[in-house]
Amino acid sequence: MPVLAVNVDHVATLRQARMGIEPEPVTAAYMAEMAGATGIIVHLREDRRHIQDRDVELIKQTCNTRMHLEMAATEEMQGIALNIDPEFVCLVPEKREELTTEGGLNCVGREKELADYLAPLHDKGIRSSLFIDADPKQIEAASAAGTEFIEIHTGHYADAKEFNARNVELAKILDGIKLAQNLGLKVNLGHGLNYRNVLAFKDVPGIKEYSIGHAIMARAIYVGLDRAVRDMAEIIRTFVD
């Protein structure tokens with residue numbers, strides 16, 4: 001069945017607001033695993049606005065499931081990934097002024113560059129994913145780059161305010177999933193998914209993983225992290241494989 005990977009970045013966001021020592025994303029990662037997460041996601045940004053290097057190191061040491069390291073395709077991040085040795089690396093775009101990731105990575109015309117970048121990670125046994133929009137050209141380019149997984153950016157669907165606009169974005173994602181699978185790619189989904197809009201994918205076969213962070217941490221404020229993760233994990237357990 002599909003699985004849930006929990007992003008703990010925003011635990012670090014709250015900590016960094018005071019530049020203090022709490023709340024602790026390492027503890028949050030452990031609690032998420034205990035509540036049913038099958039993976040922990042951390043995005044080590046170049047500007048270090050939330051997750052810090054020590055968080056990545058400690059979560060890797062203590063993670064009982066799989067650690068997914070989201071990162072920009074830079075030389076610095078490649079070196080960190082090779083040193084930390086996470087189970088997964090997901091390449092994402094970054095802009096310093098953005099509040100959150102605004103769209104997918106551009107892979108078109110960069111197929112060889114990305115393949116060369118991923119090669120030493122693959123040689124070390126680290127599995128890779130590219131975070132991309134549900135655009136046929138991007139999906140085809142990701143396949144040509146030699147990644148095993150893609151994570152389709154669901155933010156445009158999640159952010160759509162009108163019913164028709166939301167359905168248009170959903171249709172793009174569903175078409176993208178089919179194309180990726182036909183090309184032999186494994187498909188994850190993530191960005192902006194919550195306890196309601198994720199239900200649109202309940203009967204969509206072949207999705208490997210749902211990457212969810214903000215919605216879980218937002219609910220955790222009211223019901224606690226354990227309950228928030230368990231609720232989402234339970235929803236995803238009802239989805240088709």
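Residues numbered from 1 in each chain as written. Predicted model: local features only at pLDDT ≥ 70, side-chain atom pairs only at ≥ 80, totals over all residues. Heavy atoms only, no water.

Asks: How should I be thinking about the layout of surface pockets in this particular structure?
Replies: It is the rolling of a water-molecule-sized probe over the atoms that shows where space remains empty. Estimates place the volume of the second largest pocket at around 330 Å³. In this structure, the second largest pocket is lined by 14 residues; those nearest its centre are H10, V11, L14, M217 and A220. Elements with a minimum of two residues in the lining of the second largest pocket: α1 (9–18), α2 (25–34) and α9 (214–223). Looking at the lining of the second largest pocket, the element that brings in the most residues is α9, giving five residues. For the lining of the second largest pocket, a count of residues per class yields 10 nonpolar, three polar and one charged. (1 Å grid on protein atoms, 1.4 Å probe; cavity = no way out; pocket = protein on both sides within 12 Å on 5 of 7 lines; lining within 4 Å. Points joined across faces, edges and corners; volume = space filled by probe spheres on them. Helix = DSSP H or I, 4+ residues; strand = E, 2+ residues; numbered from the N terminus. Nonpolar A, V, L, I, M, F, W, Y, C, P; charged D, E, K, R; others polar.)

Asks: Please explain unusual backbone geometry as it appears in this structure.
Replies: Across the chain, the bulk of peptide bonds are trans and the bulk of non-glycine residues have phi less than zero. Cis geometry marks the peptide bond from E22 to P23; its omega dihedral reads 0 degrees. Position of P23 relative to the elements: it lies in the loop between α1 and α2. In the Ramachandran plot, D85 falls in the positive-phi region, its phi being about 60 degrees despite a non-glycine side chain. If you trace the backbone, D85 turns up in the loop between α4 (75–84) and β4 (88–91). For H191, which is not glycine, the phi dihedral falls at a positive 110 degrees. Position of H191 among the secondary structure elements: in the loop between β7 (186–190) and β8 (207–212).

Asks: I keep staring at the side chain of N188 and nothing clicks. Help me out?
Replies: Its place among the elements puts N188 in strand β7. With a relative accessible area of 3%, N188 lands in the buried category. Polar side-chain contacts of N188 include one of 3.3 Å to the backbone nitrogen of E209. Contacts of N188, omitting those with residues within four sequence positions, involve F149, I150, E151, I152, K208 and E209. (Buried < 20%, exposed > 50% of the residue type's maximum accessible area, 1.4 Å probe, protein only. Polar contact = N/O pair within 3.5 Å; in protein donor to acceptor, adjacent residues only side chain to side chain. Contact = heavy atoms within 4.5 Å.)

Asks: Can you walk me through the state of the cysteines in this structure?
Replies: Chemically, a disulfide is nothing more than a covalent bond linking the sulfur atoms of two cysteines. Throughout the structure, instances matching the rule amount to zero disulfides. Between C63, a free cysteine, and C90, which holds the nearest cysteine sulfur, the sulfur-to-sulfur gap is 16 Å. With no disulfide partner, C107 has as its closest neighbouring cysteine sulfur the one in C90, 10 Å distant. (Disulfide = S-S within 2.5 Å.)

Asks: Help me understand the pattern of salt bridges in this model?
Replies: For the coordinates displayed, the defined rule picks out 18 salt bridges. Here E113 makes a salt bridge to R110, at a shortest N to O gap of 3.0 Å. A relative accessible area of 44% means that E113 is categorised as partly exposed. Across the pair D226 and R230 runs a salt bridge, and its minimum N-O distance is 2.8 Å. Within this pair, D226 and its partner R230 are both found in helix α10 (residues 225–237), separated by four residues, close to a single helical turn. Residue D226 is classed as partly exposed on the basis of its relative accessible area of 32%. Shared partners join several salt bridges into a network, and the residues in it are R15, E24, R54 and D55. (Salt bridge = Lys/Arg side-chain N within 4 Å of Asp/Glu carboxyl O.)

Asks: Help me out: how do you make sense of the packing of α2 against helix α3 (residues 53–62) in this one?
Replies: A pair of packed helices is characterised by two quantities: the angle between their axes and the separation of those axes. Axis separation between α2 and α3 bottoms out at 9 Å; the angle between their running directions is 35 degrees. The crossing of α2 and α3 is right-handed. Contact residues: P25, V26, A29 and E33 in α2; R54, D55, L58, I59 and T62 in α3. Broken down by class, the residue content of the contact of α2 with α3 amounts to five nonpolar, one polar and three charged. (Axes fitted to C-alpha atoms, helices over the stretch in contact; angles between N-to-C directions. Left-handed = near helix turned anticlockwise from the far one by under 90°.)

Asks: Would you take a moment to explain the packing of aromatic side chains for this structure?
Replies: Under the defined criterion, the tally for this structure stands at three aromatic pairs. Pairing Y157 with F201 gives two aromatic rings, centres 5.7 Å apart and planes at 80 degrees, and the pair type is edge-to-face. Taken together, the residues Y157 in helix α7 (residues 155–159) and F201 in the loop between β7 and β8 connect sequence positions 44 residues apart. Relative to F239, the ring of Y210 has its centre 5.4 Å away and its plane inclined at 80 degrees; by these criteria the two rings are edge-to-face. Of this pair, Y210 sits in strand β8 while F239 sits in the segment after α10, and the two are 29 residues apart along the sequence. R219 extends its terminal NZ or CZ atom over the ring of Y195, reaching a point 3.6 Å from the ring centre. (Phe/Tyr/Trp six-rings, centres within 6.5 Å; stacked < 30°, edge-to-face > 60°. Lys NZ or Arg CZ within 6 Å of the ring centre and 35° of its normal.)

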